[in-house]
Amino acid sequence: MNVDSAWYKYKASRLQDNSILPFPYLSFFVKPKPLTSIFTIDYKNPMAANPLVLILGAGPRIGASVAEKFASNGYKVAVASRSGSGTKTANGFLSLKADFTKPDSIPALFDAVKTEFHTSPSVVVYNAAALTNPPDKDSIFSLSAKSVALDLNVNTISPYVAAQQAVSGWETLPEETKKTFIYTGNILNVFIVPMPPMLDLGMGKSASAFWIGLADVTYSARGFR
Ligand SMILES: NC(=O)c1ccc[n+]([C@@H]2O[C@H](COP(=O)([O-])OP(=O)(O)OC[C@H]3O[C@@H](n4cnc5c(N)ncnc54)[C@H](OP(=O)(O)O)[C@@H]3O)[C@@H](O)[C@H]2O)c1
């Protein structure tokens, strides 16, 4: 079962009983805005006509769908995950091998993308997530600090480094190019799930929600979202 399915199954099973959910309809208020504006391509601008998206953590579910969606809107696509091949995929995506438990490895990915496409990605999607269940399912403190740290690397530190790299690359792109960093979240930053197994996923999503919110507030005036 993937990292978030357990929570959604649990939520669905308890939706009949609103008394256990302090904010039962909160998810309706935190629905992400549609991505339509990102896909508006300026064909008069040669650089903007060949936009590039880098998807960090592209698996068979959200990652694959997002990659296809960008490709169908004219984007060149690079994807990265542990099972990356180091070559182009059948649908022409650059597939890179990456391990996001190691934030130091992120800059080399951006370098590889730039070498291949001769430009920086205008859109970066950080989609990977990590969750380790505490050995004692009733105690959040049964999880080792080492496991917490490794998963925080995946959920918070690596996307932070990726955002640093994205912003650095955007400085080299034309002003009119739309520049967007997307972090795939879930409900855990707005809702404390009474399930110890969700511990370190929630820690990571919450910490990332904070720095992403702060980045948006401080960079949106420059057109960086
Ligand atoms: N699926 C859901 O129900 C759901 C619900 C709410 C939110 N989300 C969020 O959506 C995002 C994507 O979830 P998904 O289930 O749809 O996954 P997905 O897009 O199918 O795949 C994500 C990919 O990330 C890669 N990855 C994971 N850990 C990595 C690491 N340490 N280093 C490099 N790559 C890594 C994995 O590929 P490799 O194995 O090849 O490394 C994995 O297949 C997550 O952030 C998740 O929290 C999912």
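A. Quick peek at the overall build of the chain. Helix and strand counts for the chain stand at six helices and five strands. In the chain, the succession of α and β elements from N to C terminus is α-α-β-α-β-β-α-β-α-β-α.

B. Structural context of the site of the ligand. Lining the immediate surroundings of the ligand are 25 residues, of which Gly57, Gly59, Arg61, Gly63 and Arg82 lie closest. At the level of secondary structure, the elements contributing two or more residues to the shell around the ligand comprise α1 (5-14) and α3 (62-72). Across the shell around the ligand, the residue classes tally to ten nonpolar, eleven polar and four charged.

C. The nonpolar core, seen in detail. Counting residues in each nonpolar core, the largest one holds 44 residues, and the members touching the most others are Val53, Ile55, Leu56, Val77 and Ala78. The leading source of residues in this core is helix α5 (residues 145-170), at seven residues. Ignoring anything within four residues of it in the chain, the contact list for Val53 reads Phe70, Tyr75, Val77, Pro121, Val123 and Val125.

D. Seen up close, the confidence of the model for the chain. With 78% of its residues at a pLDDT of 70 or more, the chain has an overall mean of 85. Contacts of residues 41-47 to residues separated by more than four positions or lying in other chains number twelve contacts, the stretch itself having pLDDT below 50.

E. Molecular detail of unusual backbone geometry. A positive phi is found at His118, a non-glycine position, where the angle reads about 60°. Along the chain, His118 falls in the loop between α4 (106-117) and β4 (123-126).

F. Summary view of the pairing of strand β2 (residues 76-81). Counting buried positions over the six residues of β2 gives five, a clear majority of the element. Here five bridges tie strand β1 (residues 52-56) to β2, and the two strands are oriented parallel to one another. Bridge pairing in β2 places Val53 opposite Val77. Crossover β1 to β2 through α3 is right-handed.

G. Highlighting the packing of α5 against helix α6 (residues 199-219). Remark: α5 packs on α6, axes separated minimally by 9 Å, with the N-to-C direction vectors making an angle of 20°. The orientation of α5 with respect to α6, classified from their angle, is roughly parallel. In this structure, the crossing between α5 and α6 has a hand that is right-handed. Touching Ser147, Val148, Asp151, Leu152, Asn155, Thr156, Pro159, Tyr160 and Ala163 of α5 are Asp200, Leu201, Met203, Gly204, Lys205, Ala207, Ser208, Trp211 and Ala215, all from α6.

H. Representation of the environment of Asn127 within the structure. Here Asn127 is to be found in the loop between β4 and α5. Residues Asn127 and Asn155 lie 28 residues apart in sequence; the distance between their C-alpha atoms is 9.0 Å. Here Asn127 is in contact with Ile55, Leu56, Gly57, Ala58, Ile62, Gly63, Val66 and Thr184, once residues within four sequence places are set aside.

I. Up close: the sheet that holds strand β5 (residues 180-183). Within the open sheet, the five strands sit side by side as β3-β2-β1-β4-β5. Their pairing is parallel. The outermost strands of the open sheet, each flanked by one partner alone, are β3 (94-97) and β5. Strand after strand, the sheet turns through a mean of 15° between neighbouring axes, direction not considered. Lying over the sheet, α3 contacts β1, β2 and β4, oriented at roughly 165° with respect to β2.

J. Looking closely at α4. The terminal C-alpha atoms of α4 lie 17 Å apart, and with twelve residues this matches the ideal 16 Å at 1.5 Å per residue to within 8%. All of the buried residues in α4 are Ile106, Leu109, Phe110 and Val113. Each buried residue of α4 lies within a common arc of 95° when the element is viewed along its axis, so the set occupies one face. For α4, the exposed residues lying more than 90 degrees away from the buried face are Ala108, Asp111 and Thr115. Where α4 is buried, its residues meet β1, β2, β3 and α5.

Quick notes on the rules
- Residues numbered from 1 in each chain as written.
- Predicted model: local features only at pLDDT ≥ 70, side-chain atom pairs only at ≥ 80, totals over all residues.
- Helix = DSSP H or I, 4+ residues; strand = E, 2+ residues; numbered from the N terminus.
- Near = placed C-beta within 6 Å.
- Nonpolar A, V, L, I, M, F, W, Y, C, P; charged D, E, K, R; others polar.
- Core = buried A, V, L, I, M, F, W, Y, C linked by C-beta atoms within 7 Å.
- Buried ≥ 20, exposed ≤ 12 C-beta atoms within 10 Å, placed from the backbone.
- Contact = placed C-beta atoms within 7 Å.
- pLDDT = per-residue confidence, 0-100.
- Pairing = 2+ DSSP bridges.
- Right-handed = clockwise from strand over helix to strand, strands pointing away.
- Axes fitted to C-alpha atoms, helices over the stretch in contact; angles between N-to-C directions.
- Parallel < 35°, antiparallel > 145°, perpendicular 65-115°, else oblique.
- Left-handed = near helix turned anticlockwise from the far one by under 90°.
- Expected span 1.5 Å × (residues − 1).
- Arc of directions from axis to C-beta.

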